[in-house]
Amino acid sequence: MICISENSEAKDLIPIAKSIHMLVNKLPVAMRSKNKPGVRLEKGEVVDTNYEGYVLKVAIEKGEVIKATPILGPYSGLPVIVTPIKDNENNIVGAVGVVDITAGIFEDILTIARRPELYKFLPEDAFPK
């Protein structure tokens, strides 16, 4: 069983981060717990197991999805999307983010591809009618 908490270490996060990394076709992924540094993955490999991640920290602190372009760190100048991770009691235990090296093209695709058959798969706020 994979279980994460606010004190999970990078090694505990790797299986989940690796799954997300593969799911997004190996876009860079970063993940950390609330109280400990986390992990970064790029090109199918773990490249850092002591990653602090400023935007990850902001998402944990605010408890909301953050879309930003960092000005420092390994992803400076690249847009990132970070979401907090919550447990069953809605407590924030960490955050995970994807570096959007497409510079927002996923959002553009949703705008371009306003096909009615997609409505049933996407939430209203991501794909307004």
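Refer to the structure printed above.
Keep in mind the model is a prediction, meaning the values are calculated, not measured.

### As for the overall build of the protein
From N to C terminus, the protein includes three helices and six strands. Ordered by position from N to C terminus, the α and β elements of the protein give α-β-β-β-α-β-β-β-α. If you take every contact in the protein between residues at least 6 apart in sequence, the share linking residues at least 24 apart comes to 41%. Accessible area for the protein stands at about 8,200 Å²; split by element, carbon and sulfur atoms hold 56% of it.

### Some words on the pattern of salt bridges
Any two side chains of opposite charge can pair, on the condition that their charged atoms come close. In the structure shown here, the tally under the stated rule is six salt bridges. In this structure, the salt-bridge partner of Lys-11 is Asp-12, at a minimum N-O distance of 3.4 Å. Here Lys-11 falls in the exposed class, since its relative accessible area comes to 57%. Look at Asp-12 and you get partly exposed, because its relative accessible area is 30%. One network of salt bridges, in which partners are shared, links Arg-32, Glu-52 and Lys-57.

### Details of the sheet that holds strand β3 (residues 45–51)
Spatial strand order, β3-β2-β1-β6-β5-β4: six strands in an open sheet with antiparallel pairing. The open sheet has two edge strands, β3 and β4 (66–68), and neither has a second partner. On average, adjacent strands in this sheet sit at an angle of 20° to one another, irrespective of strand direction. The pairing of strand β2 (residues 38–42) with β3 spans four bridges and is classified as antiparallel. Its bridge partner lying in β3, Glu-42 is registered against Glu-45. In this fold helix α1 (residues 10–23) packs onto β1 (29–33), β2, β3 and β6 (92–99), with an angle of close to 35° to the strand it touches most, β2.

### Comments concerning unusual backbone geometry
The phi dihedral of Lys-26 is positive, around 65°, even though this residue is not glycine. Turning to its location among the elements, Lys-26 is positioned in the loop between α1 and β1. Classification of Lys-26 by relative accessible area gives partly exposed; the value is 40%. Here the phi dihedral of Asn-90 falls at roughly 70°; this positive angle occurs in a residue that is not glycine. With respect to the secondary-structure elements, Asn-90 resides in the loop between β5 (80–86) and β6.

### Quick word on the pairing of β2
Across the five residues that make up β2, a large majority, four, are buried. Summarising the sheet, β1 and β2 pair through three bridges and their orientation is antiparallel. Bridge pairing links Met-31 to Val-39 in β2. Adjacent in sequence and paired antiparallel, β1 and β2 are bridged by four residues. What sits between β2 and β3 in their antiparallel hairpin is a turn of two residues, with Lys-43 showing a positive phi close to 50°.

Here is what the cut-offs are and how they apply
- Residues numbered from 1 in each chain as written.
- Predicted model: local features only at pLDDT ≥ 70, side-chain atom pairs only at ≥ 80, totals over all residues.
- Heavy atoms only, no water.
- Helix = DSSP H or I, 4+ residues; strand = E, 2+ residues; numbered from the N terminus.
- Contact = heavy atoms within 4.5 Å.
- Areas by Shrake-Rupley, 256 points an atom, 1.4 Å probe, with all protein chains shown as cover.
- Salt bridge = Lys/Arg side-chain N within 4 Å of Asp/Glu carboxyl O.
- Buried < 20%, exposed > 50% of the residue type's maximum accessible area, 1.4 Å probe, protein only.
- Pairing = 2+ DSSP bridges.
- Axes fitted to C-alpha atoms, helices over the stretch in contact; angles between N-to-C directions.

Honestly, it's all geometry; don't read function into it.
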